[in-house]
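Here are the chains, one letter per residue:
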Amino acid sequence: MNTAEVLADAVGRIKEVVHEAVEGIATEHLHARLDPRANTIAWLVWHLTRIQDDHIADVAGREQVWTAQDWASRFGLPFPPEATGYGHTPKQVAAVRVDSPDVLLGYYDAVHDVTLEFVSGLRGTALDRVVDESWTPPVTLGVRLVSVVADDLQHAGQAAFVRGCLERR
């Protein structure tokens, strides 16, 4: 496998887990909490998608899917368009509400497609490019992409766990 194939496989695994966590779920389960401060499935999937969208748009030098495809107005959340969920309070987590799982999956799939297109085009030493100099050491494209994959898989796994708990009740 080359670099692009490895990254495409990793991004594909995120999609699998997101779909397993969300497809066919009851809408009320999207907003349920295991305890009063816990993250909901809706928030977890929205957040992981926002982070992926934000980070990929930044390294690819393009507009985020969130605004380019007008997902921000489709979701109608009470946050500024640049919000990604990072640092959200329990009250803000509760504010992430959707009418159906299809909205979450539609946004996720749109971001996945753009991400896959970007990583599939990476060649040679592309991963060595510094994309963020505000850290010591500076963050390379490779480190940023691994960070996105790791973070997204954690949140997707959390969403799947929450679903499993809710459906056992």
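Up top you'll find the structure we're talking about.
Residues numbered from 1 in each chain as written. Predicted model: local features only at pLDDT ≥ 70, side-chain atom pairs only at ≥ 80, totals over all residues. Heavy atoms only, no water.

> How should I be thinking about the overall build of the protein chain in this particular structure?
A count of helical and extended segments in the protein chain gives eight helices and two strands. Reading the helices (α) and strands (β) of the protein chain from amino to carboxyl end gives α-α-α-α-α-α-α-β-β-α. On C-alpha atoms alone, the protein chain measures out to a radius of gyration of 16 Å, which is about the 15 Å that the 2.2 N^0.38 rule sets for 169 residues. Expressed along its principal axes, the backbone C-alpha trace of the protein chain runs to roughly 50 × 35 × 30 Å. (Helix = DSSP H or I, 4+ residues; strand = E, 2+ residues; numbered from the N terminus. Rg over C-alpha atoms; globule rule 2.2 N^0.38 Å.)

> Mind showing me how you'd approach the packing of helix H3 (residues 41–60) against helix H8 (residues 141–168) here?
Relative placement of two packed helices is described by the angle separating their axes and the distance separating the axes. Where H3 contacts H8, the two axes come as close as 9 Å, and the packing angle between them is 170°. The angle between the axes of H3 and H8 places the two elements in the roughly antiparallel class. Among the residues making up the contact of H3 with H8, the classes are represented as 14 nonpolar, five polar and five charged. (Axes fitted to C-alpha atoms, helices over the stretch in contact; angles between N-to-C directions. Parallel < 35°, antiparallel > 145°, perpendicular 65-115°, else oblique. Nonpolar A, V, L, I, M, F, W, Y, C, P; charged D, E, K, R; others polar.)

> I'm lost on the environment of aspartate 9 in this one. Help?
With respect to the helices and strands, aspartate 9 occurs in helix H1 (residues 3–22). Sequence spacing of aspartate 9 and tryptophan 135 is 126 residues, and the spatial spacing of their C-alpha atoms is 28 Å. A polar contact of 2.7 Å, which involves the side chain of aspartate 9, links it to the side chain of arginine 13. (Polar contact = N/O pair within 3.5 Å; in protein donor to acceptor, adjacent residues only side chain to side chain.)

> Quick question: what am I supposed to make of the environment of alanine 94 here?
Summarising the element assignment, alanine 94 is placed in helix H6 (residues 90–94). Counting along the chain gives 24 residues from alanine 94 to aspartate 70, while the straight-line C-alpha distance between them is 22 Å.

> What is the right way to look at the nonpolar core in this model?
One broad trend across soluble globular proteins is that nonpolar side chains are buried collectively. Val18, Ile41, Trp46, Phe75 and Leu104 are the most contacted members of the largest nonpolar core, which totals 37 residues. Contributing elements (two or more residues each) for this core: H1, H3, helix H4 (65–68), helix H5 (71–75), helix H7 (101–120) and H8. Dropping the residues within four chain positions of it, valine 18 is found in contact with Val45, Leu48, Leu105, Tyr108 and Ala156. Among the nonpolar cores identified, the runner-up in size contains ten residues, and Ile56, Val59, Leu122 and Val139 belong to it. (Core = buried A, V, L, I, M, F, W, Y, C linked by side-chain atoms within 4.5 Å. Buried < 20%, exposed > 50% of the residue type's maximum accessible area, 1.4 Å probe, protein only. Contact = heavy atoms within 4.5 Å.)

> Explain the packing of aromatic side chains here, please?
The full count for this structure, using the stated rule, is seven aromatic pairs. Ring centres of tryptophan 71 and tyrosine 107 lie 5.9 Å apart, and the angle between their planes is 40°; this geometry places the pair in the tilted category. Separated by 36 residues along the polypeptide, tryptophan 71 in helix H5 and tyrosine 107 in helix H7 bring together distant segments of the chain. Of the two residues examined, tryptophan 71 and tyrosine 107, each falls in the buried class. On the numbers, 5.8 Å between centres and 75° between planes, the contact of phenylalanine 75 with tyrosine 107 is edge-to-face. Linking phenylalanine 75 in helix H5 with tyrosine 107 in helix H7, this pair joins segments that are 32 residues apart in sequence. Aromatic rings pair up to connect Trp46, Trp66, Trp71, Phe75, Phe79 and Tyr107 into one cluster. Over the ring of tryptophan 71 we find arginine 74; its NZ or CZ atom is 3.7 Å from the centre of that ring. (Phe/Tyr/Trp six-rings, centres within 6.5 Å; stacked < 30°, edge-to-face > 60°. Lys NZ or Arg CZ within 6 Å of the ring centre and 35° of its normal.)

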